[in-house]
Amino acid sequence: MASTLSQFTVQEVVIPISTATSGAFRVAEYNRGSIMVPAAITGTSYTLEVSNDGATWDALKIAAGSAVSAVSWAADDVLPIPASAFDCLYARIVSQASEAAARTFKVLLKG
């Protein structure tokens, strides 16, 4: 696994305890990536929010303008980041439930 991870830029983001939103991660200089879900999670699905200034956040949308649907996840999943996220400077993970403990996600980026 170490050789595979070395091919990517890895950023870690945390969803703090009793919240549902992670810190931001930078996506602007990449063109593909995925999110490694931690071994323990409370929520069963997530969405992404994006921003071009790190202050104003909107739901990630597909080219047609509709919000990307929530994606189901499970502990230890590796899930792709939708291509439209890479048109923005920043993204963050939003769980459908407040997390019972702080959760650290690895974001793997390439491009």
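These remarks concern the structure in this document. (Residues numbered from 1 in each chain as written. Predicted model: local features only at pLDDT ≥ 70, side-chain atom pairs only at ≥ 80, totals over all residues. Heavy atoms only, no water.)

**Considerations on the sheet that holds strand 7 (residues 78–80)**
Spatial ordering of the open sheet is given by 1-9-3-7, a layout of four strands whose pairing is antiparallel. Each of the sheet's edge strands pairs with one partner strand only, and the pair in question is strand 1 (9–15) and strand 7. Neighbour-to-neighbour, the strand axes of this sheet turn through a mean angle of 25°, independent of strand direction. Across seven bridges, the pairing between strand 1 and strand 9 (residues 103–110) is antiparallel. What sits directly across from E12, in strand 9, is K106. (Pairing = 2+ DSSP bridges. Helix = DSSP H or I, 4+ residues; strand = E, 2+ residues; numbered from the N terminus. Axes fitted to C-alpha atoms, helices over the stretch in contact; angles between N-to-C directions.)

**A closer look at empty space enclosed by the protein**
Scanning all chains against the criterion turns up one cavity of 30 Å³ or more. In this structure, the largest cavity occupies an estimated 50 Å³ of space. Lining of the largest cavity is provided by Y46, T47, L48, L60, V68, S69, V71 and P82. If you tally residues by element for the lining of the largest cavity, the top one is strand 4 (residues 45–51), at three residues. Taken together, the residues of the lining of the largest cavity sort by class into six nonpolar, two polar and no charged. (1 Å grid on protein atoms, 1.4 Å probe; cavity = no way out; pocket = protein on both sides within 12 Å on 5 of 7 lines; lining within 4 Å. Points joined across faces, edges and corners; volume = space filled by probe spheres on them. Nonpolar A, V, L, I, M, F, W, Y, C, P; charged D, E, K, R; others polar.)

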